Amino acid sequence: MRTIELLLSILSATTVAAWTHTNEDDFRRAISGHNHALVAFIEPSTAPSQALESEWTLATETGKKTLISIDCTAAASLCREFGVISYPALRYFDGHGKMTSYRGPRRASSMLSYIKRAVRPSITVLNDKKVQAFQSSDDYVVVAQINPQDEHIKTAYKTLASQYQDRLSFGSADTASATTVSCLNNRDSQQFTLSDLSAIDALPKLIESCLTPVIGEFTRANEMKYLQSGKSLVFYFAPSPADRDAYVDLMRSVAKMYKEYLEFVTVDTDEYGDLAAPLGLAPGKFPALSVQNPMYGQVFPYSRQKKITAELVGGFLMDIVQGKVKPWDGTMSADESESPHDEL
């Protein structure tokens with residue numbers, strides 16, 4: 001069984017360069033003349049800007065001409081002009097005077113995918129030969145097979161595509177059969193297909209289900225959604241995106257197995273490290289894992305003496321279900337608790 005350490009060593013084998021900022025004159029030239037660009041307005045001393053640096057510089061290796069960074073300590077008036085009040089602020093300029101805030105994941109692959117989606121039509125017209133290739137062209141892909149008689153569905157689909165174009169790729173093809181809409185979550189190898197489109201919210205709900213990751217990122221913005229889900233939560237704390245990505249790859253199969261009962265989430269310790277202590281974890285000692293049952297206020301810290309593998313974590317979860325693991329009593333960290341069970 002591979003461990004987090006093995007995956008992380010592979011992911012971190014390549015080093016990336018530091019920020020290379022653009023001055024104001026070059027910036028204005030870059031966003032004019034029908035040129036598009038994703039711009040990061042940053043303040044180097046802030047932790048979120050520092051956290052973005054490695055992913056941004058990795059992305060520039062592929063999209064150097066379309067990714068620009070501005071140091072707001074050196075270009076304060078420019079940043080104020082574009083309404084930057086927190087850092088980093090990511091803005092997409094379409095080359096025609098329109099600016100859009102980028103609110104997607106701050107990962108190299110996600111930002112590059114966003115740029116590709118932004119420069120093409122909101123809906124790509126497909127035929128039978130193009131459908132298969134299009135389905136694997138992005139992390140999240142929607143394909144509608146629309147019967148020409150369903151004009152109302154075509155209209156609703158266009159509205160949906162314009163609303164979600166920044167997060168998914170949309171394609172459409174005519175069919176003589178019944179209309180169907182499929183959404184592929186290629187990150188988690190999941191597909192959602194809908195043929196009953198009578199409900200007014202049918203398409204938005206399809207997109208919401210498709211965009212929901214098997215293992216999500218826990219943030220201040222979505223914490224209530226997770227805490228009110230009615231499920232227990234499996235928290236994984238780690239400081240680096242590479243570490244969290246490695247964990248997601250490692251635990252995806254376990255998360256799918258328990259998805260009806262558990263929500264698996266990762267936590268960026270640079271931004272939300274304060275969440276660790278209430279979950280029975282020693283402050284500052286990461287990576288770390290803990291299970292919380294919000295309904296009963298119970299917490300089950302995973303021993304730091306154990307490696308984090310799919311097999312061991314799966315066994316730990318099963319032991320909790322079977323009552324073999326006692327909840328944390330709130331008086332000691334996971335490192336100070338009793339020795340872990342042999343069977344773990």
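1. Some thoughts on the packing of helix H7 (residues 151-164) against helix H8 (residues 202-211)
Two quantities define a packed helix pair, namely the angle between the axes and the distance from one axis to the other. In the contact formed by H7 and H8, the axes pass within 10 Å of each other and the chain directions differ by 40°. With respect to the hand of their crossing, H7 and H8 are arranged in right-handed fashion. Where H7 abuts H8, its residues Ala-156, Tyr-157, Leu-160 and Tyr-164 lie against Leu-203, Pro-204, Ile-207 and Leu-211. Considering only residue class, the contact of H7 with H8 consists of eight nonpolar, no polar and no charged.

2. Examining the packing of helix H10 (residues 241-257) against helix H12 (residues 310-321)
Put simply, H10 and H12 touch, their axes get as near as 9 Å, and they point 35° apart. Like other packed secondary-structure pairs, H10 and H12 cross with a definite hand, here right-handed. In this structure, H10 contributes Leu-250, Met-251 and Val-254 to the contact, and H12 contributes Ala-310, Val-313, Gly-314 and Leu-317. Of the residues belonging to the contact of H10 with H12, the class tally is six nonpolar, one polar and no charged.

3. So, unusual backbone geometry
In this structure, Pro-88 follows Tyr-87 across a cis peptide bond, with omega equal to -10°. Checked against the element boundaries, Pro-88 lands in the loop between helix H4 (76-81) and strand S3 (89-93). Despite not being glycine, Ser-189 has its phi angle at roughly 55°, a positive value. Tracing the chain through its elements places Ser-189 in the loop between strand S8 (180-185) and strand S9 (190-194).

4. Overview of the environment of Phe-218
Among the structural elements, Phe-218 can be located in the loop between strand S10 (215-217) and helix H9 (223-227). Looking at Phe-218, the relative accessible area reads 4%, which means it is buried. In this structure the C-alpha to C-alpha distance between Phe-218 and Phe-264, which are 46 residues apart in sequence, comes to 9.1 Å.

5. What to know about the packing of aromatic side chains
Counted according to the given criterion, the structure contains 15 aromatic pairs. Ring geometry for Phe-27 and Phe-82: centres 5.5 Å apart, planes at 85°, overall edge-to-face. Note that Phe-27 is positioned in helix H2 (residues 24-30) and Phe-82 in the loop between H4 and S3, a separation of 55 residues in sequence. Comparing Phe-27 with Phe-82 shows no difference in burial state: the two are buried. Residues Phe-218 and Phe-235 carry aromatic rings whose centres are separated by 5.2 Å and whose planes lie at 75° to one another, so their mutual orientation is edge-to-face. Of this pair, Phe-218 sits in the loop between S10 and H9 while Phe-235 sits in strand S11 (residues 232-238); the two residues are 17 residues apart in sequence, bridging distant segments of the chain. Its relative accessible area of 3% is what places Phe-235 among the buried residues.

6. Some details on the side chain of Ser-69
Checked against the element boundaries, Ser-69 lands in strand S2 (residues 67-71). Polar contacts involving the side chain of Ser-69 include one to the main-chain carbonyl oxygen of Thr-20, which spans 3.2 Å. Beyond its immediate chain neighbours, meaning those up to four positions away, Ser-69 contacts Trp-19, Thr-20, His-21, Thr-22, Ala-40 and Trp-56.

7. A closer look at the state of the cysteines
A full pass over the atoms with the stated rule returns two disulfides. One disulfide in the model links Cys-72 with Cys-79; its S-S distance is 2.0 Å. What sets the handedness of the Cys-72 and Cys-79 disulfide is the S-S torsion sign, and at about -90° it is left-handed. The exposure classification of Cys-72 matches that of Cys-79, with both residues buried. Covalent S-S linkage joins Cys-183 and Cys-210, the inter-sulfur distance amounting to 2.2 Å. Measuring the twist about the S-S bond at about -80°, one finds the Cys-183-Cys-210 disulfide to be left-handed. Of the two residues, Cys-183 sits in strand S8 while Cys-210 sits in helix H8, which places them 27 residues apart along the sequence.

8. Considering the nonpolar core
Tyr-247, Met-251, Phe-264, Leu-289 and Leu-317 are the most contacted members of the largest nonpolar core, which has 25 residues in total. Among the elements that make up this core, the one with the highest residue count is H10 (six residues). Sequence-distant contacts of Leu-317, defined by excluding residues within four places in its chain, comprise Val-234, Val-254, Tyr-258, Leu-262, Phe-264 and Val-291. Val-142, Ala-202, Leu-203 and Cys-210 belong to the second largest nonpolar core, which has 20 residues in total.

Cut-off values and rules
- Residues numbered from 1 in each chain as written.
- Predicted model: local features only at pLDDT ≥ 70, side-chain atom pairs only at ≥ 80, totals over all residues.
- Heavy atoms only, no water.
- Axes fitted to C-alpha atoms, helices over the stretch in contact; angles between N-to-C directions.
- Helix = DSSP H or I, 4+ residues; strand = E, 2+ residues; numbered from the N terminus.
- Left-handed = near helix turned anticlockwise from the far one by under 90°.
- Contact = heavy atoms within 4.5 Å.
- Nonpolar A, V, L, I, M, F, W, Y, C, P; charged D, E, K, R; others polar.
- Buried < 20%, exposed > 50% of the residue type's maximum accessible area, 1.4 Å probe, protein only.
- Phe/Tyr/Trp six-rings, centres within 6.5 Å; stacked < 30°, edge-to-face > 60°.
- Polar contact = N/O pair within 3.5 Å; in protein donor to acceptor, adjacent residues only side chain to side chain.
- Disulfide = S-S within 2.5 Å.
- Core = buried A, V, L, I, M, F, W, Y, C linked by side-chain atoms within 4.5 Å.

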